[in-house]
Amino acid sequence: MKDVDIPESAGPEAAAPAVDGRSSRWARHRAQRRTELIRTARGAVDELGAQASMEEIASACRTSKSVYYRYFGDKAGLQRAVGEYTVTRMRDRLEEAARAAGSFEDTVEAMVAEYLLGIERSAAVYRFVVALPPDSGRSRHERHRAERSRGERAGKDEGEADGERYVIQEFVESVTALLAQAHVRHSPAAQRLEEPVLGYWAASTIGMVRGAGEAWMNTPGGAQRPSRERMTELIVGWAVDGLRPPGAPVPEQPST
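Scope of this entry: the structure provided in the associated data block. What you are looking at is a predicted structure, and each value in this text was computed from that prediction instead of being measured. (Residues numbered from 1 in each chain as written. Predicted model: local features only at pLDDT ≥ 70, side-chain atom pairs only at ≥ 80, totals over all residues. Heavy atoms only, no water.)

**Digging into the overall build of the protein**
- Counting secondary structure elements, the protein contains 10 helices and zero strands.
- Shown N-terminal to C-terminal, the secondary structure of the protein runs as helices and strands in the order α-α-α-α-α-α-α-α-α-α.
- Residues classed as buried in the protein amount to 38% of the 256 residues present.
- The contacts in the protein between residues at least 6 apart in sequence include a share of 69% that link residues at least 24 apart.
- A total accessible area of about 15,500 Å² is found for the protein, and carbon and sulfur atoms account for 52% of it. (Helix = DSSP H or I, 4+ residues; strand = E, 2+ residues; numbered from the N terminus. Buried < 20%, exposed > 50% of the residue type's maximum accessible area, 1.4 Å probe, protein only. Contact = heavy atoms within 4.5 Å. Areas by Shrake-Rupley, 256 points an atom, 1.4 Å probe, with all protein chains shown as cover.)

Put into structure tokens, the structure is as follows:
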């Protein structure tokens, strides 16, 4: 069929919608401003501690509390934004470390080392994020979109089942999947775990890593607190070789 030119006098439905340049520029400016506020808030929390109030954060960032309320709604909204910004970057670093590893053991070591480095560098920010109240009913698609766009918080999908979602839980789930992928990638086919056991194992391993890392983070500095390098060695040993403490007796196997 021969193409037919659309005359200039055609109705509005025939023309491409015009792009509002001012709206586009304003949206970009607002997204940039929001990211700037998140970054300065992270710095303020690092300095003031995880219990810092909105007023204290705004004062440290040399802006008004009303600005933060306008962009984030309340303190929980700010915590969620800081959490998405922080854990997305931490997860990206873990993914990069896992891709660069040449074996399963190297993957675990790289991930543990990166995780401990992240919480050691920003312990107050980590606590600020972990203390986040639940965000009920938010879908995984919405969370991913919000993390990647760095823009406004997405709304809720209609018909989604209610459930408590935490930024740190979302991070743990994504890292659990990353560990399971590493096991499949580096293990001979005959030794690979199958679902759902693979998921159980990965979740239990990441749970141990997180629990040990947070306990280490909360231990006052001193001679009794292992260095980050030593703690990495310990956690990797527990994750790869088993959780029995060094030197503990091995129970005798029942005779058959």
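Next, the rest of the story.
**Re the packing of aromatic side chains**
- Tallied over the full model, the rule gives four aromatic pairs.
- Relative to Phe72, the ring of Tyr68 lies with its centre 5.9 Å away and its plane at 25°, an arrangement referred to as stacked. One end of the pair is Tyr68 and the other is Phe72, both in helix 3 (residues 65–72) and four residues apart, which spans about a single turn.
- Using a relative accessible area of 0% as the deciding quantity, one classes Tyr68 as buried.
- For Phe72, a relative accessible area of 6% translates into the label buried.
- Each ring, one from Tyr115 and one from Tyr126, has its centre 6.3 Å from the other, and the planes form 75°; the classification is edge-to-face. (Phe/Tyr/Trp six-rings, centres within 6.5 Å; stacked < 30°, edge-to-face > 60°.)

**Structural notes on the packing of helix 5 (residues 104–121) against helix 10 (residues 228–241)**
- Where helix 5 meets helix 10, the axes come as close as 9 Å, and the angle between the chain directions of the two elements is 135°. Here helix 5 lies oblique to helix 10, going by the angle between them. The interaxial crossing formed by helix 5 with helix 10 has right-handed handedness. Along its contact with helix 5, which presents Glu105, Val108, Glu109, Val112, Ala113, Leu116, Leu117 and Glu120, the element helix 10 presents Arg228, Met231, Thr232, Ile235, Val236, Ala239 and Val240.
- Broken down by class, the residue content of the contact of helix 5 with helix 10 amounts to 10 nonpolar, one polar and four charged. (Axes fitted to C-alpha atoms, helices over the stretch in contact; angles between N-to-C directions. Parallel < 35°, antiparallel > 145°, perpendicular 65-115°, else oblique. Left-handed = near helix turned anticlockwise from the far one by under 90°. Nonpolar A, V, L, I, M, F, W, Y, C, P; charged D, E, K, R; others polar.)

**Details of the packing of helix 4 (residues 75–100) against helix 5**
- At a minimum axis separation of 8 Å, helix 4 and helix 5 run at an interaxial angle of 155°. Here helix 4 lies roughly antiparallel to helix 5, going by the angle between them. In the packing of helix 4 onto helix 5, the handedness of the crossing is right-handed. Side by side, helix 4 and helix 5 meet where Met90, Arg93, Leu94, Ala97 and Ala98 of the first sit next to Thr107, Ala110, Met111, Glu114, Tyr115, Gly118 and Ile119 of the second.
- Split by residue class, the contact of helix 4 with helix 5 holds eight nonpolar, two polar and two charged.

**Comments concerning helix 5**
- The end-to-end C-alpha distance of helix 5, which contains 18 residues, comes to 26 Å, matching closely the 26 Å that a straight helix rising 1.5 Å per residue would cover.
- For helix 5, the set of buried residues is Phe104, Thr107, Val108, Met111, Val112, Glu114, Tyr115, Leu116, Leu117, Gly118 and Ile119.
- Among the structural elements, helix 4, helix 6 (123–130), helix 8 (167–186), helix 9 (197–217) and helix 10 are those in contact with the buried residues of helix 5. (Expected span 1.5 Å × (residues − 1).)

**Comments concerning unusual backbone geometry**
- Cis geometry marks the peptide bond from Glu195 to Pro196; its omega dihedral reads 5°.
- By secondary structure assignment, the location of Pro196 is in the loop between helix 8 and helix 9.
- The residue Arg62 is not glycine, and still its phi comes out positive at about 60°.
- By the element assignment, Arg62 lies in the loop between helix 2 (54–60) and helix 3.
- Look at Arg62 and you get exposed, because its relative accessible area is 80%.

**Thoughts on the pattern of salt bridges**
- Summed over all chains, the structure comprises six salt bridges.
- Within this structure, Glu120, Arg228 and Glu229 form a network of salt bridges that share partners. (Salt bridge = Lys/Arg side-chain N within 4 Å of Asp/Glu carboxyl O.)

**A closer look at the side chain of Thr205**
- Tracing the chain through its elements places Thr205 in helix 9.
- In this view, Thr205 contacts Leu179 and Ala239; residues no more than four positions away in its chain are not counted.

**Structural notes on a negative patch on the surface**
- There is a patch of like negative charges on the surface, built from Glu105, Asp106, Glu109 and Asp241.
- Here the negative patch takes three residues from helix 5, the largest share from any one element.
- Among the structural elements, Glu109 can be located in helix 5. (Patch = residues over 30% accessible without salt bridge, like charges linked within 9 Å, V, L, I, M, F, W, Y side chains within 5 Å. Lys, Arg positive; Asp, Glu negative; His and termini not counted. Charge placed at Lys NZ, Arg CZ, Asp CG, Glu CD.)

**Section: the nonpolar core**
- Ranked by internal contacts, the top residues of the largest apolar core, which has 59 residues, are Ile57, Tyr68, Leu78 and Phe171.
- For this core, the leading source of residues is helix 8, giving nine residues.
- The residues touching Tyr68, leaving out its near neighbours within four places in the chain, are Leu37, Thr40, Ala41, Met54, Ile57, Ala58, Cys61, Thr63, Gly73 and Leu78. (Core = buried A, V, L, I, M, F, W, Y, C linked by side-chain atoms within 4.5 Å.)

Everything listed here is a matter of coordinates, which is why it stays silent on function.
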